[in-house]
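Each chain, written out:
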Amino acid sequence: MLKIQNAVTIDGSRMNLTIESTKDFTLDAQNLTIFPGLIDPHVHFRTPGLEHKENWLTAAKAALAGGYTTVFDMPNTLPPTITETSLKEKKALIEAQLAEVGIPLRYELFFGADKKHLSEIHKVKHDVIGIKVFMGCSTGNLVIDDDESLHAVFAIAASQNLIVAVHAEDEALIIERKKQFSDAKHYCDHSKIRNPEVAARAVAKAIALCRIYETKLYILHVSTADEIALIAKAKEEGLPVYAETTPHHLFLDDSAYDNLQGKAVVNPPLRAEEHRKALWNAIKNNVIDTIGSDHAPHTNTEKSQAYGACPSGMPGIETTLPLLLTAHHEGLITLEKIVSLTQKRPREIFGLPENNDVVLVDLNKTRFVDNATLKTKCGWSVFAGQELRGWPLYVIMNGVLYDLATI
Ligand SMILES: [Zn+2]
């Protein structure tokens, strides 16, 4: 049995906790606050094929360091996860890496919708958390850019009772705007090309498909006021539409290019301040359901390339909770809401079983985000140098205690 004494719940009361374990251990939590093990519904841990950026040896540690015990991994790997075979092979690699590092992280896999492999979906329906649809190109070549295939994906997903998770950026509009901005050479042009209309047009289309096929729709990385208005309306209508936002869209805006250069390039892009404010409001109003880190590492060298060659994406799983806790100290968000966004709603929306994972957090610990101590293989964070207040110290996953100072 694992005994945790003197912990504080998020509503401020004290508790002692006993957790089933093969080892007997007592931890005096010394006023640490107890959170459930967090769920990150959106990560790119890069196995297979892109393991110079990240793998599950490094990512499992990064997840624990961030307070996460469950992650949902995306299919845009090499090869992409678009067939039953590639899914099985990916799973075997992940299992081997988690065994090697000795961290049995809980994970689920998204299956990629690919025009030529839609018939694979019914074969994997019991083995995946949902279908990922790239409506616009991002890392990798997975994209569904024609209406006929989109209708087919939503129809199949509905018939197999699978949730559809969409990267909602309209590919036709991206191509059109790339032509308009053909001389783009500054990183900040990224936000101009993939403007709010690119996202809103795709979200409107996805919601229309959800209405036709009654498919559960999970909209990834919502970043604009325009999308929020459409999602709020869909929810009022009673459609099964759920929305995720990311830490970088909550904590950065398009002024960040000046300092971060290529590291600020992400899909969908960083937005103007007004959109950032709209996201915080949408959290208050329950229009946003979840926060996914969209942990998408690339190497320093890759991110130093000129605009056009510089890949989109940034790491995030280690800093999401400290960023949210710092925002809590600033009066922006309650602890209950943080738990709702990072554990309760992801569990409800995707129908995950309960578990007894917990994270012990020192709400008042201050620490600078330091690239040198990050666990992610890429070794950098856009939040490096920022002092954040509120850090996880221990994770208990499946009855095993992890001291985050020594993982
Ligand atoms: Zn992503």
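What counts, and at which threshold
Residues numbered from 1 in each chain as written. Predicted model: local features only at pLDDT ≥ 70, side-chain atom pairs only at ≥ 80, totals over all residues. Heavy atoms only, no water. Pairing = 2+ DSSP bridges. Helix = DSSP H or I, 4+ residues; strand = E, 2+ residues; numbered from the N terminus. Donors = N, O, S within 2.8 Å, 3.2 Å for Na, K, Ca; no water. Buried < 20%, exposed > 50% of the residue type's maximum accessible area, 1.4 Å probe, protein only. Axes fitted to C-alpha atoms, helices over the stretch in contact; angles between N-to-C directions. Parallel < 35°, antiparallel > 145°, perpendicular 65-115°, else oblique. Contact = heavy atoms within 4.5 Å. Nonpolar A, V, L, I, M, F, W, Y, C, P; charged D, E, K, R; others polar.

A. Expanded view of the pairing of strand 14 (residues 387-397). In this structure, strand 13 (residues 358-368) lies alongside strand 14, joined through eight bridges in antiparallel fashion. Its bridge partner lying in strand 14, aspartate 362 is registered against tryptophan 391. Sheet topology places strand 14 next to strand 15 (residues 400-403); four bridges connect them, and they run antiparallel. Along strand 15, the bridge assignment pairs methionine 397 with valine 400.

B. Here's a closer look at the coordination of the zinc ion. Bound to the zinc ion are the protein donor atoms His42 (NE2), His44 (NE2) and Asp294 (OD), situated 2.1 to 2.2 Å from the metal. Look at where the donors of the zinc ion fall in the sequence and you get H-x1-H-x249-D. In terms of burial, histidine 42 and histidine 44 fall into one category: buried.

C. Region of interest: the packing of helix 8 (residues 225-236) against helix 11 (residues 273-284). At their nearest, the axes of helix 8 and helix 11 sit 8 Å apart, and the two run at 30° to each other. Regarding the angle of helix 8 to helix 11, the classification is roughly parallel. Across the interface between the two elements, Ala225, Asp226 and Ile228 of helix 8 pack against His275, Ala278, Leu279 and Ala282 of helix 11. Partitioning the contact of helix 8 with helix 11 into residue classes produces five nonpolar, one polar and one charged.

Keep in mind these numbers describe shape, not what the thing actually does.
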